[in-house]
There are 2 protein chains.
Amino acid sequence: MSLLDYFKISKVGTASLAKERLQILVAHERTSLNQPTYLPQLQKELLEVIRKYVNVSQDAISVSFEQDEHQETLELNIVLPELQTKNT
Amino acid sequence: MSLLDYFKISKVGTASLAKERLQILVAHERTSLNQPTYLPQLQKELLEVIRKYVNVSQDAISVSFEQDEHQETLELNIVLPELQTKNT
């Protein structure tokens, strides 16, 4: 199953809520842990980019960060205010 | 299955390749298609942010963009040069 398929499947369950949502995932597969992670800093900058396009308040964003031996994963879930995209 | 679980599963298959990879997914669930998409522009800006942290050549990036009635999905797959993160 590809990751795009995953989104298609998960879409079915949430479409009925009729909310605009933006989900961002960053997965960093690493071969060595002897380097500092940059995902937390990256997260801040990603949100700054997102805010150029949509009005997002801080409490509309939920963030998960997981880290294990081989991978770091950052997940941002954003509930968008309806029809308030800045470029319409 | 959560999306984080998906990454954990897919990790098993690729870890043996010992490549550093960065995967970014953006899924935009939309309630209306009467607005322009901003994902292609967002993609450019995301890559600019990523390049602050890692040296990535254009040919190391593969991009998928899918769009249907309810959702747009942008997927960036980046193979990172080994041990060339800018902040080490």
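Because the structure is a prediction, the values reported are computed rather than measured. (Residues numbered from 1 in each chain as written. Chains lettered and ligands numbered in written order. Predicted model: local features only at pLDDT ≥ 70, side-chain atom pairs only at ≥ 80, totals over all residues. Heavy atoms only, no water.)

1. Section: the pattern of salt bridges
Thought 1: Taken as a whole and judged by the stated rule, the model has five salt bridges over all chains.
Thought 2: Taking the shortest distance from any N to any O, the salt bridge between Glu29(B) and Arg21(A) comes out at 3.9 Å. Placement of the pair is Glu29(B) in strand S1 (residues 20–29) and Arg21(A) in strand S1 (residues 20–29), with the two residues belonging to separate chains.
Thought 3: The class of Glu29(B) is buried, set by a relative accessible area of 11%.
Thought 4: Classification of Arg21(A) as partly exposed rests on a relative accessible area of 24%.
Thought 5: Between Glu72(A) and Arg30(A) there is a salt bridge, and its shortest N-O distance comes to 2.2 Å. Pair noted here: Glu72(A) is in strand S3 (residues 71–80) and Arg30(A) is in the loop between S1 and helix H2 (39–53), with a separation of 42 residues, a long-range link. A single burial state applies to Glu72(A) and to Arg30(A), both of which are buried. (Salt bridge = Lys/Arg side-chain N within 4 Å of Asp/Glu carboxyl O. Helix = DSSP H or I, 4+ residues; strand = E, 2+ residues; numbered from the N terminus. Buried < 20%, exposed > 50% of the residue type's maximum accessible area, 1.4 Å probe, protein only.)

2. So, the nonpolar core
Thought 1: The biggest cluster of nonpolar side chains holds 38 residues, and the ones touching the most others in it are Val26(A), Leu42(A), Val26(B) and Leu42(B).
Thought 2: For this core, the secondary structure elements donating two or more residues are S1, H2 and S3 of chain A together with S1, helix H2 (39–53) and strand S3 (71–80) of chain B.
Thought 3: Those residues within four positions of Leu42(B) in sequence are excluded, and the remaining contacts are Val49(A), Ile50(A), Tyr53(A) and Val26(B). (Core = buried A, V, L, I, M, F, W, Y, C linked by side-chain atoms within 4.5 Å. Contact = heavy atoms within 4.5 Å.)

3. Considering the pairing of S3(A)
All names here are of chain A.
Thought 1: Across the 10 residues of S3, eight count as buried, placing the element largely inside the fold.
Thought 2: Taken together, the 10 bridges between S1 and S3 define a ladder with antiparallel strand orientation. Among the inter-strand pairings, Leu 25 is bridged to a residue of S3, identified as Glu 75.
Thought 3: Relative to S3, strand S2 (residues 61–67) runs antiparallel, the two sharing seven bridges. Along S3, the bridge assignment pairs Glu 66 with Thr 73.
Thought 4: Hairpin geometry of S2 and S3 is characterised by an intervening segment of three residues between the two adjacent antiparallel strands. (Pairing = 2+ DSSP bridges.)

4. Topic: the sheet that holds S1(A)
Thought 1: Pairing within the open sheet is antiparallel, and its six strands lie in the order S2(A)-S3(A)-S1(A)-S1(B)-S3(B)-S2(B). Strands at the two margins of the open sheet, each flanked by one partner only, are S2 of chain A together with strand S2 (61–67) of chain B. Taking each pair of neighbouring strands and ignoring which way they run, the sheet shows an average axis angle of 10°.
Thought 2: Running at roughly 25° to S3(A), H2(A) makes contact with S1, S2 and S3 of chain A of the sheet.
Thought 3: Its contacts with the sheet place H2(B) against S1, S2 and S3 of chain B, and it is angled at close to 25° to S3(B). (Axes fitted to C-alpha atoms, helices over the stretch in contact; angles between N-to-C directions.)

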